[in-house]
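# Structural features, examined
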Amino acid sequence: MPDLVGKSKPLGGAFHEIHEILAFIIIALLVVHVLAALKHAFLDRDSTLLRILGRPGRD
């Protein structure tokens, strides 16, 4: 597969930084999502997590 842009250290560094930042953002979103699901299960005590898991809810 051909290179889309020529080899460039500054551009490569920029893409590396962007890739790293986006990876951290995705991990943070995943953690927040899991914490929100656990909040629904244990603090709100609703059936959101059960419905996500494909089990019938209590509501």
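So, here is what we can say about the structure in this document. Here the residue index of a chain counts from 1 through its sequence in written order. Two thresholds apply to this predicted model, a pLDDT of at least 70 for residue-level local features and 80 or more for giving and counting side-chain atom pairs, whereas whole-chain, interface and lining totals are computed over all residues. Neither water nor hydrogens contribute to the side-chain values; these are computed over all heavy atoms in the structure.

## Looking at the overall build of the chain
- Under the DSSP-based scheme used, a helix requires at least four consecutive residues in state H or I and a strand at least two consecutive residues in state E, with every element numbered from the N terminus. The number of helices and strands found in the chain is 2 helices and 0 strands.
- Seen through its C-alpha atoms, the chain measures out along the principal axes to roughly 60 × 25 × 10 Å.
- Areas reported here follow the Shrake-Rupley algorithm with a probe of radius 1.4 Å; residue values treat only the protein chains shown as occluding. Per element, the accessible surface of the chain, about 5,500 Å² overall, is 72% carbon and sulfur.
- For the chain, the distance from the average site of its 7 positive side-chain charges to the average site of its 6 negative ones is 7 Å. Charge convention: Lys and Arg are scored as positive, Asp and Glu as negative, and His as well as the terminal groups of each chain are ignored. We put the charge of a Lys on NZ, of an Arg on CZ, of an Asp on CG and of a Glu on CD.

## Topic: the pattern of salt bridges
- Salt-bridge detection follows one rule: a side-chain nitrogen of Lys or Arg within 4 Å of a carboxyl oxygen of Asp or Glu. Counted under the stated rule, the structure contains 1 salt bridge.
- Across the pair D44 and K39 runs a salt bridge, and its minimum N-O distance is 2.5 Å.
- Only protein chains enter the accessibility calculation, which uses a 1.4 Å probe. A residue is then buried if its area is under 20% of the maximum for its type, exposed if over 50%, and partly exposed in between. Residue class for D44 comes out partly exposed when judged on its relative accessible area of 38%.
- You can call K39 partly exposed: its relative accessible area is 37%.

## Remarks on a nonpolar patch on the surface
- Nonpolar side chains collect at one region of the surface, where L4, V5, L11, F15, I18, I21, L22, I25 and L29 lie side by side and expose about 910 Å² of accessible area between them.
- Along the chain, the position of L29 falls in helix α1 (residues 9-42).
- Among the residues examined, L29 registers a relative accessible area of 56% and is labelled exposed. For patch detection, residues must exceed 30% relative accessible area and be free of salt bridges, and they are connected within 9 Å for like charges or within 5 Å for nonpolar side chains (Val, Leu, Ile, Met, Phe, Trp, Tyr).

## Description of unusual backbone geometry
- Of note, R45 is a non-glycine position whose phi angle comes to about 50°, a positive value.
- We classify R45 as exposed; its relative accessible area is 61%.

## Structural notes on the environment of H16
- Tracing the chain through its elements places H16 in helix α1.
- Residue H16 is classed as partly exposed on the basis of its relative accessible area of 47%.
- Spatially, the C-alpha atom of H16 lies 41 Å from that of S47, the residues being 31 residues apart in sequence.

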